[in-house]
Amino acid sequence: MSARFILLFMLAAAAGARNLPSADGVIDWRRGTPPTVRKATARAPSNPRTDALDYLNAMRTGAGLIAFDANATLDTAAQNHVNYLLCVNAFGHYENQNDCPDKYTGVYPQDRGTAAGYSWQAYGENISAGSPTIIDAVDGLMSAIYHRFGFLTFSMDEIGIGYGSDSNYAYGTLYNFDMGNRNNVSNTQALNPDYVLWPYDGYRKAQTSFDNTESPDPLPECNDYGVAGNPVSVAFNPDDTSAVSLDAFRLYDANGTEITDTKILSSANDNHLDNHKFVLFSMHSLHIDREYRATFDYTRASSQHHLEWTFRTTRYDDPHYDVTDGGSYDIVSGKPYIIQLRPADCNITLNPYSYSYSGSAPTVERLGYDLFRITATGDVTFYFPDSSNPHFTYTLNIAASDNAVAPSPLVPPALVPVVNYLLF
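Scope of this entry: the structure provided in the associated data block. (Residues numbered from 1 in each chain as written. Predicted model: local features only at pLDDT ≥ 70, side-chain atom pairs only at ≥ 80, totals over all residues. Heavy atoms only, no water.)

### Concerning the overall build of the protein
No. 1: What the protein contains, in helices and strands, is 6 helices and 22 strands.
No. 2: Counting across all 424 residues of the protein, residues that qualify as buried make up 53%.
No. 3: In the protein, once contacts between residues fewer than 6 apart in sequence are set aside, the share between residues at least 24 apart is 71%.
No. 4: Of the roughly 17300 Å² of accessible surface on the protein, a fraction of 47% belongs to carbon and sulfur atoms. (Helix = DSSP H or I, 4+ residues; strand = E, 2+ residues; numbered from the N terminus. Buried < 20%, exposed > 50% of the residue type's maximum accessible area, 1.4 Å probe, protein only. Contact = heavy atoms within 4.5 Å. Areas by Shrake-Rupley, 256 points an atom, 1.4 Å probe, with all protein chains shown as cover.)

Laid out in structure tokens, this is it:
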């Protein structure tokens, strides 16, 4: 199921802060069309706000940032906007007083914060629609690079969370994250590290892919619902205003081979990034259950610096196949497999899809745009985007044995950051 992401960050015109953008500079949310796979249904965690906050803070503190504090007033502002969007069956940052007037609380995110009673020095909002759970929503926003930078902000220290669902709502579910700072932006920045890496050094649950539905569009050369790699990013604390000059940004696989089919974004070629943010996209999705090494060389204040770190993509307990167009793969009846789709390029769309099968219908769980967990008792052929106009197909054949790749050995718990259940 698709998730939609939108982003808007606004800083008050207080001392040392940037001016508010004009309405003309606001980032629009809509690209592509709603997916046709199925509508997401809410599978609520025990406490969505607490679970999402814990999950976000596990990421932030793992990367060296201070944790977000929960703020009930921001909860109100975020929830108010969710209620409005569900009422008008829409998705965006703006509200119109003439549409569902009893749910209207302000045109812009910061207006709604003010209406709720939040006296802000900095204000930001991330919204996701269509994700089955709030944790899925956070994961989706973290793979969308501009939204990731929002969650990994140096400038904001509080968050409020709203959520809701409605069977009549176009995307089924809706999640809203309002971030703010009531005090002093510079003081908050001073509490944070000089830079933040993502995935951070030692992280062991990196996503494999980005689905190319973010707006603004970081990869306009790719189709919506095609996949590229989950971006690797470096962001420097704006507490130091001196410019960072990129010298080299590289990514290597577990064998030490450089991944060369990449796109690098910086302020030099992306006007949505300032000169403190840098992004590397692999133009193909990363492999599951693999270690990667990133290096970043830069110059600042006439001094050269080198960063180097490793991270690992998510491990699954089931065996997996890397699947290419037209491929045929042996599976054992009734045994689950992780299927990672590896199209030739990011213009091959992977949504929607269909399949034909013999015998009983397979159990198909979509874990990501390039990832499925499939259990079958008969042969199955999959078609992307669908059987009427397929651009990517593959077949799973029932056999006595398989050639799938076994999951890597489990990492001993002592070597893993302890963040409850959230990182695993």
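### Quick word on the pairing of strand S14 (residues 303–312)
No. 1: Pairing of strand S13 (residues 291–300) with S14 involves 10 bridges; the strand directions are antiparallel. Bridged to Tyr 298 within S14 is His 305. (Pairing = 2+ DSSP bridges.)

### A word on the state of the cysteines
No. 1: Using the criterion set out here, one finds 2 disulfides in the structure.
No. 2: Bridging Cys 87 to Cys 100, the disulfide has an S-S length of 1.8 Å. Its S-S torsion of approximately 95 degrees makes the covalent link between Cys 87 and Cys 100 right-handed. Placement of the pair is Cys 87 in helix H2 (residues 72–88) and Cys 100 in the loop between H2 and helix H3 (109–116), with a sequence separation of 13 residues. (Disulfide = S-S within 2.5 Å.)

### Some words on the sheet that holds S13
No. 1: Ordered by their spatial adjacency, 3 strands build an open sheet running S10-S13-S14, and the pairing between neighbours is antiparallel. Either end of the sheet is taken by a strand with one partner, and the two such strands are strand S10 (245–252) and S14. When the angles between neighbouring strand axes are averaged without regard to direction, this sheet yields 10 degrees. (Axes fitted to C-alpha atoms, helices over the stretch in contact; angles between N-to-C directions.)

### A few points about the pattern of salt bridges
No. 1: As enumerated under the stated definition, the model contains 14 salt bridges in all.
No. 2: Of the charged contacts, one joins Glu 95 and Arg 112 as a salt bridge, the two residues approaching to 3.7 Å between their closest N and O atoms. Separated by 17 residues along the polypeptide, Glu 95 in the loop between H2 and H3 and Arg 112 in helix H3 bring together distant segments of the chain.
No. 3: By relative accessible area, Arg 112 is classed as buried at 0%.
No. 4: Ionic pairing is found between Asp 317 and Arg 315, a salt bridge with its closest N-O pair at 2.6 Å. (Salt bridge = Lys/Arg side-chain N within 4 Å of Asp/Glu carboxyl O.)

### Examining the sheet that holds strand S15 (residues 320–323)
The strands making up a sheet are joined through hydrogen bonds of the backbone, oriented either antiparallel or parallel.
No. 1: On the basis of which strands lie adjacent, the open sheet formed by 4 strands has the order S15-S17-S20-S19 and mixed pairing. The outermost strands of the open sheet, each flanked by one partner alone, are S15 and strand S19 (363–368). Direction aside, neighbouring strands of the sheet carry axes that sit 25 degrees apart on average.
No. 2: As paired strands, strand S17 (residues 337–341) and strand S20 (residues 371–375) are joined by 4 bridges and run antiparallel to one another.

### Considering the nonpolar core
No. 1: In this structure, Phe 177, Leu 251, Phe 296, Trp 309 and Phe 311 are the most contacted members of the largest nonpolar core, which totals 63 residues.
No. 2: In this structure, Phe 296 is in contact with Val 234, Phe 236, Leu 246, Ala 248, Phe 249, Phe 278, His 305, His 306, Leu 307 and Trp 309, ignoring residues within four places of it in sequence. (Core = buried A, V, L, I, M, F, W, Y, C linked by side-chain atoms within 4.5 Å.)

### Things to note about helix H4 (residues 134–143)
The periodicity of an α-helix, 3.6 residues per turn, causes residues three or four places apart in sequence to face the same way.
No. 1: In terms of residue burial, H4 counts as a mostly covered element, since 9 of its 10 residues are buried.
No. 2: Among all positions of H4, only Ile 134, Ile 135, Ala 137, Val 138, Asp 139, Gly 140, Leu 141, Met 142 and Ser 143 are buried.

### Some words on unusual backbone geometry
No. 1: Residue Pro 199 follows Trp 198 across a cis peptide bond; omega there is -10 degrees.
No. 2: Summarising the element assignment, Pro 199 is placed in the loop between strand S6 (195–198) and strand S7 (209–210).
No. 3: Note that the residue after Phe 384, namely Pro 385, is joined by a cis bond; omega there is 5 degrees.
No. 4: By the secondary structure assignment, Pro 385 is in the loop between strand S21 (380–384) and strand S22 (392–398).
No. 5: Residues other than glycine seldom take positive phi values, yet Tyr 225 does so here, at roughly 70 degrees.
No. 6: Note that Tyr 225 resides in the loop between S7 and strand S8 (228–229).
No. 7: A relative accessible area of 5% means that Tyr 225 is categorised as buried.
No. 8: Here Asp 289, not a glycine, exhibits a phi torsion of approximately 55 degrees, which is positive.
No. 9: Looking at the secondary structure, you find Asp 289 in the loop between strand S12 (277–282) and S13.

### Things to note about the environment of Gly 64
No. 1: When you line up the elements, Gly 64 lands in the loop between helix H1 (48–62) and strand S2 (69–70).
No. 2: Remark: the alpha-carbon pair of Gly 64 and Val 196, spanning 132 residues in sequence, is separated by 7.0 Å.

### Section: the packing of H2 against H3
When two helices pack together, you describe them by how their axes are tilted relative to each other and by the distance separating the axes.
No. 1: As a packed pair, H2 and H3 sit with axes 8 Å apart at the nearest point and diverge in direction by 125 degrees. Between H2 and H3, the angle falls in the class oblique. Remark: the crossing between H2 and H3 carries right-handed chirality. Contacts between H2 and H3 involve Thr 73, Thr 76, Ala 77 and His 81 from the former and Arg 112, Gly 113 and Ala 116 from the latter. (Parallel < 35°, antiparallel > 145°, perpendicular 65-115°, else oblique. Left-handed = near helix turned anticlockwise from the far one by under 90°.)

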